[in-house]
Amino acid sequence: MKPTKPITRAFCVELQQELSIVAARREYFSQEPPRARFEFLCSSEPCRAQGVKVTGVRYDVKPQDNPTFVSAHFRANPHYDHHADCEWVDDSDPETELTSSSDPQTRLRQLKRKLDDAIDVFDPNPKEPVKEAATREMVGKPSEQPAPAGLVLPPREPATPRYSETRTNNLERLVDFYRQARAELSPEDFKHLTLRVAGQGEVTLRSYFRHIKYAQAGDKDRVMFGGGLVERYGVGFKFVFFDRIDGKRVSLYVSPARMQAYRSSRYINELLSHADEVKFFTFFALGNLVMSPSGKSLSLEVDDLRHLAIVLGPAREDAASAEE
Ligand SMILES: [Zn+2]
């Protein structure tokens, strides 16, 4: 059978675990060049047993703002049929035309189906969920095989039980959802997208993100974002937003020691290493906006570097040809 739902997770053969496409991208760019592409199998146990391949699309392209938004996503491989019990096959819910007369819940579900990886629930707690072992059994046990040399196993994302909502604690995945929704849905449809945030309840996706120019000291518990430039301090860095708040400079500082201790620092370094080729970076951070003791500037503080997602800005004209 062919999958009828967007495939949001797949089993990575090299890493021997299930990943979202965003996690696959992070692992891909965490490799030392030359980087090897991954092979993916369907996340459902009966499909995996039959070697059903799934295609990872554009996870080997860095997250970047381009005139046309193209998201990383998984796609069914036309040469493989999926098992009737596959979690991505759902006969009971054939794709229906998006109509404005549909009831709001149906319409919301239809809107989300237009996107590659629509998130229903975001858990801002980046720690491993306690019940993970139990939920993973519903989607197949992780393999016991060790990862090949040179690859560090990423922290597991909470698995989603069959037919339930898509849940993640991966901020970068939420950011990709936001970016794709904003790029591909009409402004009216985008306004209706909702997100359940663990500990906060249901909010509109739009309201969970706040551009830094509309932020103020004391803001927290939402994703603040904006464009700016990076200054390096050894392996650490300071990101300075273009927009000021009441004339005050806003920055986000990560010390060298903090970068060194961070598991995905190589990925951040890889993104920031393109500073000469892009006009700016866009930083998305789930943190607290605090006034400096002097009252002259503000700093956006993140308590966990996993609460930081970086998107490359458009290429500079003079560097466009230098892109790999
Ligand atoms: Zn399958």
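Placed above this text is the structure.
Residues numbered from 1 in each chain as written. Predicted model: local features only at pLDDT ≥ 70, side-chain atom pairs only at ≥ 80, totals over all residues. Heavy atoms only, no water.

K.L.:
Please provide a residue-by-residue account of the sheet that holds strand S6 (residues 121-122), values included.
P.N.:
The mixed open sheet is built from four strands, whose spatial order is S7-S6-S8-S9. The two strands at the open ends of the sheet, each matched to only one other strand, are strand S7 (167-168) and strand S9 (201-204). In this sheet, S9 lies alongside strand S8 (residues 194-197) in antiparallel orientation, the contact comprising four bridges. Each residue of the ladder has a partner; that of Val 197, found in S9, is Gly 201. (Pairing = 2+ DSSP bridges. Helix = DSSP H or I, 4+ residues; strand = E, 2+ residues; numbered from the N terminus.)

K.L.:
Hey, could you go over the pattern of salt bridges for me, with residue numbers and the actual values?
P.N.:
The tally for this structure, following the rule as stated, stands at 23 salt bridges. Notably, a salt bridge pairs Asp 65 with Arg 179, separated by 3.6 Å at the nearest N-O pair. Highlighted residues: Asp 65 in the loop between strand S4 (53-57) and strand S5 (73-76) and Arg 179 in helix H5 (residues 171-184), separated in sequence by 114 residues. Residue classification places Asp 65 among the partly exposed residues on the basis of a relative accessible area of 27%. A relative accessible area of 6% places Arg 179 in the buried class. Connected through shared salt-bridge partners, Arg 25, Arg 26, Asp 65, Glu 172, Asp 176 and Arg 179 make up one network. (Salt bridge = Lys/Arg side-chain N within 4 Å of Asp/Glu carboxyl O. Buried < 20%, exposed > 50% of the residue type's maximum accessible area, 1.4 Å probe, protein only.)

K.L.:
Any chance you could break down empty space enclosed by the protein for me, citing the residues and the numbers?
P.N.:
Taking a probe equal in size to a water molecule and rolling it over the atoms shows the remaining empty space. One pass over the structure, following the stated rule, counts four cavities of 30 Å³ or more. When its volume is computed, the largest cavity comes out at roughly 140 Å³. Grouping the constituent residues of the lining of the largest cavity by class yields five nonpolar, four polar and five charged. Looking at the second largest cavity, its volume works out to about 70 Å³. Around the second largest cavity, the lining residues are Ile 21, Val 22, Ser 71, Ala 72, Asp 116, Asp 117, Arg 173, Asp 176, Phe 177 and Gln 180. Where the lining of the second largest cavity is concerned, the elements lending two or more residues are helix H1 (21-30) and H5. Sort the elements by how many residues they give to the lining of the second largest cavity and H5 lands first, with four residues. Residues that form the lining of the second largest cavity fall into these classes: four nonpolar, two polar and four charged. (1 Å grid on protein atoms, 1.4 Å probe; cavity = no way out; pocket = protein on both sides within 12 Å on 5 of 7 lines; lining within 4 Å. Points joined across faces, edges and corners; volume = space filled by probe spheres on them. Nonpolar A, V, L, I, M, F, W, Y, C, P; charged D, E, K, R; others polar.)

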